[in-house]
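Chain and residue survey
The lines below spell out each chain.
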Amino acid sequence: MLVNSRKMLEKAKKEKKVVYQFNINNLEWTRSILEECDRLKVPVILGASEGAIKYMGGYDVVASLCYSLITDLEIKTDVCLHLDHGSSVESCIRAIDAGFNSVMLDMSKKPLKENIELTKEVVKYAKNNNVSVEAEIGSMGSISGKGLEIGTNTNLKDCLTFVEETGIDSVAAAVGTVHGIYRGELNIDYKLIEQLYENLNVPLVLHGGSGLDSETLRKCREAGVTKININSDLQEAWSKGVRSYLEENKDVIDPRKIIGSGVAALKEMIDIKININKDGK
Ligand code: 13P
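About the criteria used
One numbering rule holds for all chains: residues counted from 1, following each sequence as written. This being a predicted model, a pLDDT of at least 70 is required before a residue's local features are given, and a value of 80 or more before pairs of side-chain atoms are given or counted; all residues contribute to the totals for chains, interfaces and linings. With hydrogens and water stripped out, all remaining heavy atoms of the structure feed into the side-chain values. By convention in these notes, a residue is near a molecule or strand provided one of its non-hydrogen atoms lies within 4 Å of it. Polar contacts, as counted here, are pairs of nitrogen or oxygen atoms within 3.5 Å of one another; within protein the pair requires one atom able to donate a hydrogen and one able to accept it, and residues that are adjacent in sequence qualify only if both atoms are side-chain atoms. Every accessible area reported is derived by Shrake-Rupley at a probe size of 1.4 Å, with residue values counting cover from the shown protein chains alone. Comment: elements are numbered from the N terminus, with helices defined as DSSP H or I runs of at least four residues and strands as E runs of at least two. Under the grouping applied here, Gly and all other residues not named as nonpolar or charged are polar, the nonpolar ones being Ala, Val, Leu, Ile, Met, Phe, Trp, Tyr, Cys and Pro and the charged ones Asp, Glu, Lys and Arg. When DSSP finds two or more bridges between a pair of strands, those strands are recorded as paired. Think of each axis as a best-fit line through the C-alpha atoms, taken over the contacting stretch in the case of a helix, with angles from 0 to 180 degrees between the N-to-C directions. Whenever a pair of cysteine sulfur atoms sits within 2.5 Å, that pair is classed as a disulfide. Working definition: with a 1.4 Å probe on protein chains only, accessible area under 20% of the residue-type maximum means buried, over 50% means exposed, and in between means partly exposed.

Attention now goes to the site of the ligand. Taken together, 14 residues are adjacent to the ligand, and Gly180, Gly208, Ser210, Asn231 and Ser232 come closest. Asp84 places a side-chain nitrogen or oxygen 2.9 Å from an oxygen atom of the ligand. Ser232 places a side-chain nitrogen or oxygen 2.6 Å from an oxygen atom of the ligand. Protein contacts shield 96% of the accessible area of the ligand, which totals 310 Å² for the unbound molecule. Among the secondary structure elements, those contributing two or more residues to the shell around the ligand are strand S3 (79-86), strand S9 (178-179) and strand S11 (227-230). Among the residues making up the shell around the ligand, the classes are represented as 2 nonpolar, 11 polar and 1 charged.

This part covers the sheet that holds strand S1 (residues 19-23). Spatial strand order, S1-S2-S3-S4-S5-S8-S10-S11: 8 strands in a closed barrel with parallel pairing. Across the sheet, the mean angle from the axis of one strand to that of its neighbour is 25°, orientation sign disregarded. Of the strand pairs in this sheet, strand S2 (residues 44-49) and S3 are connected by 6 bridges, and their pairing is parallel. Directly across from Ala48, in S3, lies its bridge partner Leu83.

Counting across every chain of the model gives 0 disulfides. Left without a disulfide partner, Cys37 is nearest to the cysteine sulfur of Cys66, which lies 13 Å away. Note on Cys66: no disulfide assigned, nearest cysteine sulfur contributed by Cys80 at a separation of 10 Å. By relative accessible area, Cys66 is classed as buried at 0%.

Structure follows, in structure tokens:
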């Protein structure tokens, strides 16, 4: 069933479990994520970035795709369709109008006051449509072809103000992770995660979950992270699967076989991530 993220995250926060946002890129990814999470009986958040939405054709295409797959595949688990890193109030409104159940507004590069004001606009529109809102504070680092860009972590005081004044449902707080696959040691501030878990009345979202091993992800969960976003790890797993299939099958031309050859690796990666909700190693 398609739902907003409020209840699934509140329940997970209480139980100190993680709900994943897996980012989608096309039909096959969306289908694989839905099938695997349904098989494992875990709720899931499908994250659609503006880039992925543009690639797939638009907000309505993405919403119809998700709604139709859930019906035709008879998906029973709770699913939330979420706009990832909305870059404007208009983009969030567009997603809500198309049927997204949750939106993220990312005004983290703006001064706190402006971030609060813009986020409040989205919250007002979203609440009237039963849609949940995530927003970001602090600045996330990233790893790309240009190298590692370290972000700036948030702090408890700003985060409390941000959550109270905006009325958001979950907060993406910069705590030391980076977007993309970074294999070195990251300086994740577990103390800050614990403080945020104990003092905020909303769930904490960890962006940049890729490149972190299961032990690190489990430590984040134990410290108090409730939602973890994964994009690049799925991309890497899927591409490796496709590359090796193409090397072994030089004459293949069927796009269904080519695209589908990454699906097993994608599902395996989803299993690895979900496994951190189990206690122990
Ligand atoms: P990764 O690409 O590091 O998994 O980050 C995904 C993310 O945070 C999407 O919002």
